[in-house]
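Summary of the model geometry
The primary structure of each chain is shown beneath.
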Amino acid sequence: MRRYDGEAVVNDVSLSIQPGHVTCLLGPSGCGKSTTLRMIAGVEMQDSGTIHVDGHLICDTVFRVPPERRKIGLMFQDFALFPHLSVGENVAFGLKGAGAEKRRRALDLLDRVGLAHFIDEYPHQLSGGEQQRVALARALAPKPRIMLMDEPFSGLDNRLRDGIRDETLDVLKEEGASVLLVTHEPEEAMRMADEIALMRAGKIVQRGAPYNIYNAPADKAAVAFFSDINTLRGKVQGALTDTPFGRFLAPGVPDGASVEIVFRPQHVSIDFDRDGRGPNPTVIAGTPARGLVERARFMGSESLIEFRMDYDDTILKATVPNVFLPKPGTPLWLSVRRDRCFVFPVRS
Ligand SMILES: Nc1ncnc2c1ncn2[C@@H]1O[C@H](COP(=O)(O)OP(=O)(O)OP(=O)(O)O)[C@@H](O)[C@H]1O
Ligand SMILES: [Mg+2]
């Protein structure tokens, strides 16, 4: 646990990272990700709790292995290379031993990130992406067992970022380092992680493989963190709840309690209105409900349509691939993939 001004900003976080795995600490701004990383690195003291590496205690509230002896590599967003040192000297900076040996290791790592030819250049002669790769080589040079990376790709433009992410992953896997990567971008976590730890307000709310976090989210906010959402509300009777889209199971929820049924816009399908009637109900798609188009926008690879629903004027969103831009006021029928709906009890 870590407090600032009496307020716990990281609280009861239990996180283990697997050897050779990339674990992403994912959460909104201010939730305590960097603070967690700084405690593991040893540049900040926790107020309570312990940290172990390979089963050895490296830190509790009394005993503390200094940061430089933790075999932990650090890469932060503002990775600042030393401007007065050459690329090779930057990479070799944390190494001990003879000059020739250090240069060999630096060359090897620069080669790995595709920058061996820059060894005698200076940082200002490199592009942002190249500097980022040098910073990666520098962090890896002392062979850290664990790499801590705090939003390391956030300074790069989108195109460059995808390439560097993939290269970075390859190098980290080759080196066999365990990686803890902090990000607030779900796409980055989905792309990089073997395991995601979803963090909110100083706590870890869910952990798992990207697929599981996306498809079996712990709560409504976990769904909403990865995409737009739609919400239906219902009261439970006999572990079932009735909605305009038909009945949903609400196992384990007591009679009279409220639930929210949450689903993503891409799991809504759209049918035309035929004289006030929609498609027939099916097991997979449930009962359709009618709405009027409120607004339709083309987003590039898909179209986003917002509907004002007949049943109570709720706005629901649907996305469909390619171009589909019905006029505002057009009546259409929506169905929801029932196997992609999440039912959560509403805490009062
Ligand atoms: N040195 C400090 N003194 C006081 N409060 C701090 C300090 N460092 C961080 N905080 C507060 O602790 C909370 C968590 O901060 P932290 O930097 O860990 O968030 P984060 O999840 O990394 O956010 P971001 O995605 O914006 O980097 C924030 O509310 C922040 O204002
Ligand atoms: Mg941060």
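These numbers come from a predicted model, not from an experiment. All chains use their own residue numbering, which begins from 1 and follows the written sequence. Chain letters start at A and ligand numbers start at 1, both assigned in the order the entries are written. A pLDDT threshold of at least 70 governs which residues receive local features in this predicted model, and a stricter bar of 80 or more applies before side-chain atom pairs are shown or counted, although totals over entire chains, interfaces and linings include all residues.

1. Notes on the overall build of the protein chain
Defined as follows: Runs of H or I in DSSP of at least four residues are treated as helices and runs of E of at least two as strands, each being numbered from the N terminus. Residue burial is a threshold on neighbouring C-beta atoms within 10 Å of the residue's own C-beta, all placed from the backbone, with 20 or more meaning buried, 12 or fewer meaning exposed, and counts in between meaning partly exposed. Working definition of a contact: two residues with C-beta atoms, positioned from the backbone, lying within 7 Å.
When its secondary structure is counted, the protein chain shows eight helices and 20 strands. A total of 348 residues make up the protein chain; the buried ones form 31% of that total. Considering only contacts within the protein chain whose residues lie at least 6 apart along the sequence, 62% involve residues at least 24 apart.

2. Comments concerning the site of ligand 1
Rule in force here: Each residue gets a C-beta atom placed from its backbone. If that atom is within 6 Å of a molecule or strand, the residue is near it. All residues other than Ala, Val, Leu, Ile, Met, Phe, Trp, Tyr, Cys, Pro, Asp, Glu, Lys and Arg, Gly among them, are scored as polar; the first ten of these are nonpolar and the last four charged.
Near ligand 1 you find Tyr4, Val9, Gly27, Ser29, Gly30, Cys31, Gly32, Lys33, Ser34, Thr35 and His184, and these make up its full shell. In terms of residue count, helix H1 (residues 33-41) provides more of the shell around ligand 1 than any other element does, three residues in total. Class assignment for the residues of the shell around ligand 1 results in three nonpolar, seven polar and one charged.

3. Details of the pairing of strand S19 (residues 331-336)
Threshold: When DSSP finds two or more bridges between a pair of strands, those strands are recorded as paired.
Pairing between strand S15 (residues 268-272) and S19: five bridges, direction antiparallel. Paired with valine 268 across the bridge in S19 is valine 336. Here four bridges tie strand S16 (residues 289-298) to S19, and the two strands are oriented antiparallel to one another. What sits directly across from arginine 290, in S19, is tryptophan 333.

4. Observations concerning H1
When H1 is considered as a whole, its buried residues turn out to be Lys33, Thr36, Leu37, Arg38, Met39 and Ile40. Positive phi shows up at glycine 42, right after H1, with a value of about 90°.

5. Notes on the packing of helix H4 (residues 128-140) against helix H5 (residues 158-175)
Worth spelling out the cut-off: Orientation is described by lines fitted to C-alpha atoms, with helices fitted over the stretch in contact, and by angles between N-to-C directions that extend from 0 to 180 degrees. In these notes the angle categories are as follows: under 35 degrees is roughly parallel, over 145 is roughly antiparallel, 65 to 115 is roughly perpendicular, and the rest is oblique. Crossing handedness: left-handed means the near helix sits turned counterclockwise from the far one by under a right angle, and right-handed means the same turn made clockwise.
Relative orientation of the contacting elements H4 and H5 amounts to 15°, with a least axis distance of 11 Å. Taken together, the axes of H4 and H5 are roughly parallel relative to one another. H4 and H5 meet at a crossing whose hand is right-handed. For the pair H4 and H5, contact is made by Gly129, Gln132, Arg133, Leu136 and Leu140 and by Leu160, Ile164, Thr168, Val171 and Glu175, respectively. Residues that form the contact of H4 with H5 fall into these classes: five nonpolar, three polar and two charged.

6. Some details on the domain arrangement of the protein chain
Our working rule: As used throughout, domain bounds are those supplied by an automatic or database domain assignment.
Looking at the protein chain, the domain boundaries give domain 1 (2-222) and domain 2 (227-345). Using only C-alpha atoms to locate each centre, domain 1 and domain 2 end up separated by 40 Å.

7. Things to note about the nonpolar core
We count it as follows: As used here, a nonpolar core is made of buried Ala, Val, Leu, Ile, Met, Phe, Trp, Tyr and Cys residues. They are joined through C-beta atoms within 7 Å.
Formed by 47 residues in total, the largest nonpolar core has its most connected members in Cys24, Val91, Leu110 and Ala137. Broken down by element, the residue count for this core peaks at six residues, all from H4. Counting residues in hydrophobic clusters, the runner-up holds 22 residues, among them Val236, Ile261, Leu334 and Val336.

8. Observations regarding helix H3 (residues 99-112)
Worth spelling out the cut-off: Between the first and last residue of a helix there are one fewer steps than residues, each counted as 1.5 Å, and that sum is the expected span. This arc is taken over the directions from the axis of the helix to the C-beta atoms.
Relative to the 20 Å expected for 14 residues at 1.5 Å per residue, H3 spans 20 Å between its end C-alpha atoms, a close match to the ideal helical length. Turning to H3, its buried residues number three or more, namely Ala106, Leu109 and Leu110. One face of H3 carries all of its buried residues, which in axial projection span an arc of 100°. Facing away from the buried surface of H3 by more than 90 degrees, the exposed residues are Ala100 and Glu101. Where the residues of H3 are buried, they touch helix H2 (87-92) and H4.

9. Observations regarding the sheet that holds strand S14 (residues 258-263)
The antiparallel open sheet is built from five strands, whose spatial order is S13-S12-S11-S14-S20. Unpaired on one side and paired on the other, strand S13 (246-249) and strand S20 (342-345) mark the two borders of the sheet. For this sheet the average axis-to-axis angle between neighbouring strands, irrespective of direction, equals 35°. Examined bridge by bridge, S14 and S20 share four bridges and lie antiparallel to one another. Across the sheet, residue isoleucine 261 finds its bridge partner in S20, namely valine 343.

10. Structural notes on the pairing of strand S3 (residues 22-26)
On a regular strand, one side chain projects to one face of the sheet and the next to the other, so that they alternate. Of all the five residues making up S3, five are buried; the element is thus mostly covered by neighbouring parts of the structure. What you see with S3 is no split at all: Val22, Cys24 and Leu26 on one side and Thr23 and Leu25 on the other are buried throughout. As defined by bridge partners, S3 adjoins strand S8 (residues 178-183) across five bridges and the pair is classed as parallel. Bridge assignment links threonine 23 to a residue of S8, and that residue is leucine 180.

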